[in-house]
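# Understanding the architecture of this molecule
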Amino acid sequence: MFNFFKKTLSNIYNHFTNKIGALFKSNKIDQDTLNELEKILITSDTGVSTTKIIVDKIKDEFKNGNIKSGTDLRDVLAQELKGILTKNSYDSDVDIYLLVGINGSGKTTFAGKLSSFLKYKNKKVLLVAADTFRAAAREQLGKIAQKLDVDIIEGQEGQDPASVVYLGCQEYKKGNYDSLIIDTAGRLQTKTNLMKELEKIKKSINKQLPDKKISVLLTIDSMLGQNSLDQAKIFNESTVLNGIILTKMDGTGKGGIVFAITRELNIPIAFISFGEKLDEVKLFNAQEYVDELLAN
Ligand SMILES: Nc1nc2c(ncn2[C@@H]2O[C@H](COP(=O)(O)OP(=O)(O)O)[C@@H](O)[C@H]2O)c(=O)[nH]1
Ligand SMILES: [Mg+2]
């Protein structure tokens, strides 16, 4: 451990870990240190309100004499950040994954990664290409399925996504599959339409597979910073989300969005995705994330 950020999430490492690490090396903590901490958090997409909560806590501990050195600062900060992330945690014991999120946020790529991840755990996986909005979307998932040797149910262009999901559920039952992964279209329609479509899909699943555990996962492009939070809010108001998949963590995002999303939406991060290769995915681990983030 302690090399993953440096090697793979290098932008986060450079903008967060490296900068904050300099504060931990100082022997004396003063107001300037706290101001600098605040600046690092804000410029790393932690968001104004979440940053304020964190910094207020640090200031309190500082006033109480509990932060005297850089090491103390790191310890208190780590505890606070872990506290935010562990308020609720993702239950990964899931049968059916419904992937939602706007176009380009990384749903189809993640559907492939998740297939590979579950296959590695000896699960029999069925993919459902329910993005019937564009023919290219079906082809994209089809190629991934072929590469991974995973079965797939494909909808026709323009077909009602819920009917494709229906076929997927039927096949899932017939073929004795363990995991069903449903890739949906990413139109950010009006909230009402989005809600209706997702509810229809969920109803269809619940009706056919009432005993199976569904996880609705929202893919969010971590490079979008605060905009990603606004998107997440729209989806969160349209359906019940069980977890967030932060994608493109290898890109230009700065890492703080993890805290803003978890705290403001009260939804756990389920997975992080960090590249175009099928194995560039991890179940999110709050302890590990914070330890890596502050490991300099
Ligand atoms: N660097 C990087 N690129 C990604 C990642 N996930 C997806 N992409 C790229 O982002 C673009 C959109 O991804 P796609 O899965 O098609 O998004 P969708 O429209 O939500 O299905 C594609 O070019 C992907 O290769 C990631 O974790 N890292
Ligand atoms: Mg797609």
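Note that this is a predicted model, so its numbers are computed, not measured.

### Quick look at the pattern of salt bridges
- A complete count under the given rule lists 14 salt bridges for this structure.
- Measuring nitrogen to oxygen at the nearest pair gives 2.4 Å for the salt bridge that ties Asp91 to Lys213. Residue Asp91 is located in the loop between α5 (70-85) and β1 (96-100), and its partner Lys213 is located in the loop between α9 (191-208) and β5 (214-221); the two are separated by 122 residues in the primary sequence.
- With a shortest N-O distance of 3.9 Å, Glu199 and Lys202 are connected by a salt bridge. Here Glu199 pairs with Lys202, and both are found in helix α9, just 3 residues apart, close to one helical turn.
- Residue classification places Glu199 among the partly exposed positions, given a relative accessible area of 35%.
- A relative accessible area of 14% means that Lys202 is categorised as buried.

### Considerations on the sheet that holds β5
- Pairing within the open sheet is mixed, and its 8 strands lie in the order β3-β2-β4-β1-β5-β6-β7-β8. Each of the sheet's edge strands pairs with one partner strand only, and the pair in question is β3 (151-154) and β8 (281-283). Direction aside, neighbouring strands of the sheet carry axes that sit 20 degrees apart on average.
- Relative to β8, strand β7 (residues 269-273) is paired through 3 bridges, and the arrangement is antiparallel. When the bridges of β8 are listed, Phe271 appears paired with Leu283.

### Re the UniProt feature "domain: SRP54-type proteins GTP-binding" (unreviewed entry) in the chain
- Under the feature "domain: SRP54-type proteins GTP-binding" (unreviewed entry), the UniProt entry names residues 268-281.
- What you have in residues 268-281 is 0% helix and 43% strand, and the ends, taken at the C-alpha atoms, are 16 Å apart.

### Thoughts on the site of ligand 1
- Around ligand 1 sit 16 residues, and of these Gly104, Thr108, Thr109, Asp250 and Glu276 come closest.
- Note that an oxygen atom of ligand 1 is positioned 2.8 Å from one of the side-chain N or O atoms of Thr108.
- The contact in question runs from an oxygen atom of ligand 1 to an N or O atom on the backbone of Gly275, over 3.0 Å.
- Sorting elements by how many residues they give to the shell around ligand 1 places helix α6 (residues 107-120) first, with 4 residues.

### What about the side chain of Ser105?
- With respect to the helices and strands, Ser105 occurs in the loop between β1 and α6.
- For Ser105, a relative accessible area of 2% corresponds to the buried category.
- Side-chain polar atoms of Ser105 contact the backbone oxygen of Ile102, separated by 2.6 Å.
- Beyond its immediate sequence surroundings of up to four residues, Ser105 is in contact with Thr219, Ile220, Asp221, Thr247 and Lys248.

Here is what the cut-offs are and how they apply
- Residues numbered from 1 in each chain as written.
- Chains lettered and ligands numbered in written order.
- Predicted model: local features only at pLDDT ≥ 70, side-chain atom pairs only at ≥ 80, totals over all residues.
- Heavy atoms only, no water.
- Salt bridge = Lys/Arg side-chain N within 4 Å of Asp/Glu carboxyl O.
- Helix = DSSP H or I, 4+ residues; strand = E, 2+ residues; numbered from the N terminus.
- Buried < 20%, exposed > 50% of the residue type's maximum accessible area, 1.4 Å probe, protein only.
- Pairing = 2+ DSSP bridges.
- Axes fitted to C-alpha atoms, helices over the stretch in contact; angles between N-to-C directions.
- UniProt positions renumbered as here; feature names shortened; annotations may be inferred.
- Near = heavy atom within 4 Å.
- Polar contact = N/O pair within 3.5 Å; in protein donor to acceptor, adjacent residues only side chain to side chain.
- Contact = heavy atoms within 4.5 Å.

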